[in-house]
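The primary structure of each chain is shown beneath.
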Amino acid sequence: MIKIKNLEDMEVFGGILTKYLSAGDVILLNGDLGAGKTTLSQFIGKALGVKRNINSPTFNIIKSYQGHHLKLHHMDCYRLENAEEDLGFDEYFEDQAVILIEWSQFIKPYLPETSLTIEIKTISPSERSIELKAIGKHYLDIKESILRELSTD
Ligand SMILES: Nc1ncnc2c1ncn2[C@@H]1O[C@H](COP(=O)(O)OP(=O)(O)OP(=O)(O)O)[C@@H](O)[C@H]1O
Ligand SMILES: [Mg+2]
């Protein structure tokens, strides 16, 4: 469990995570309303060098951004609850981009087999806890790298 004391800690976490991301990586951002999924997405975008403001893609479901080296697809599947809709997710998952997904549980049948899940829990107005769940060797390696870096600073 990773303790996040405030927004600055969340930004540091986003920066560390981003260092280990490469094209094609799928990150599932889980957590209740207001947990900080979009906030973390903004910090990841900032670390990737995205200049545009990242906001919740509620109406579009998916918004795409260009960073320094990597593209970013940000999805918010909240509106797809009970929708059973395939919006052509495969094309996004196969793209040379980092993919961040909020409310991924609503598109479970379409998710790739491997991914890194970031589970954010609200502890207090400013505090969060984060748990990482990796499926697949690639994501287990990313998780290990992040935990190693967090424990050494
Ligand atoms: N340590 C923190 N980490 C992340 N967000 C924080 C933290 N402390 C305070 N906040 C605030 O909590 C709010 C999180 O809102 P955010 O939109 O990121 O949540 P969300 O998980 O995306 O919610 P939704 O399910 O509605 O999309 C923001 O207003 C943010 O500034
Ligand atoms: Mg959000």
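Just so we're clear, the structure is a prediction, and the values are computed from it rather than from any experiment. Position numbers for residues count from 1 along each chain, tracking the sequence in the order it is written. In the order they appear in the text, chains get letters beginning with A and ligands get numbers beginning with 1. Under the rules for a predicted model, residues below a pLDDT of 70 receive no local features and side-chain atom pairs below 80 are neither given nor counted, while totals for whole chains, interfaces and linings still include all residues. Heavy atoms from the whole structure form the basis of all side-chain values; hydrogens and water molecules are not counted.

1. Thoughts on helix α1 (residues 7–19)
Thought 1: Only DSSP runs of H or I reaching four residues or more are called helices, and only runs of E reaching two or more are called strands; each is numbered from the N terminus. A helix's residues, less one, multiplied by 1.5 Å, set its expected span. For α1, spanning 13 residues, the distance from its first C-alpha to its last is 19 Å, which sits close to the expected 18 Å at 1.5 Å a residue.
Thought 2: Here's how the labels work: a residue is buried when its accessible area is under 20% of the maximum for its type, exposed when over 50%, partly exposed in between, all with a 1.4 Å probe on protein chains only. If you check which residues of α1 are buried, you get M10, F13, G14, I16, L17 and T18.
Thought 3: Where α1 begins, the side chain of N6 points an oxygen toward the backbone nitrogen of E8, at a separation of 3.2 Å. Side-chain atoms alone can form a polar contact between residues adjacent in sequence; in general such a contact is a pair of N or O atoms within 3.5 Å, and within protein one must be able to donate a hydrogen while the other accepts it.

2. Side note on the side chain of H73
Thought 1: Tracing the backbone through its elements, the reader meets H73 in strand β4 (residues 71–76).
Thought 2: Here the side chain of H73 touches S64 through a polar contact of 2.6 Å, side chain to side chain.
Thought 3: Not counting the four nearest positions on each side in its chain, H73 is found in contact with K63, S64, Y92, D95, A97, V98, I99 and L100. Every residue pair with non-hydrogen atoms within 4.5 Å of one another is taken to be in contact.

3. Thoughts on the pairing of strand β5 (residues 97–102)
Look at any regular strand and the pattern is simple: side chains alternate between the two faces of the sheet.
Thought 1: Most of β5 sits out of view: 6 of its 6 residues are buried.
Thought 2: Burial of β5 is two-sided: the residues A97, I99 and I101 facing one way and the residues V98, L100 and E102 facing the other way are all buried.
Thought 3: Strands are treated as partners if at least two bridges between them are detected by DSSP. Relative to β5, strand β2 (residues 26–30) runs parallel, the two sharing 4 bridges. Paired with L29 across the bridge in β5 is E102.

4. Quick word on the packing of aromatic side chains
Thought 1: Think of it this way: a Phe, Tyr or Trp ring, Trp meaning its six-membered ring, pairs with another when their centres are within 6.5 Å, and the plane angle makes it stacked under 30 degrees, edge-to-face over 60, tilted otherwise. As enumerated under the stated definition, the model contains 5 aromatic pairs in all.
Thought 2: Ring pairs connect the aromatic residues Y78, W103 and F106, which therefore count as one cluster.

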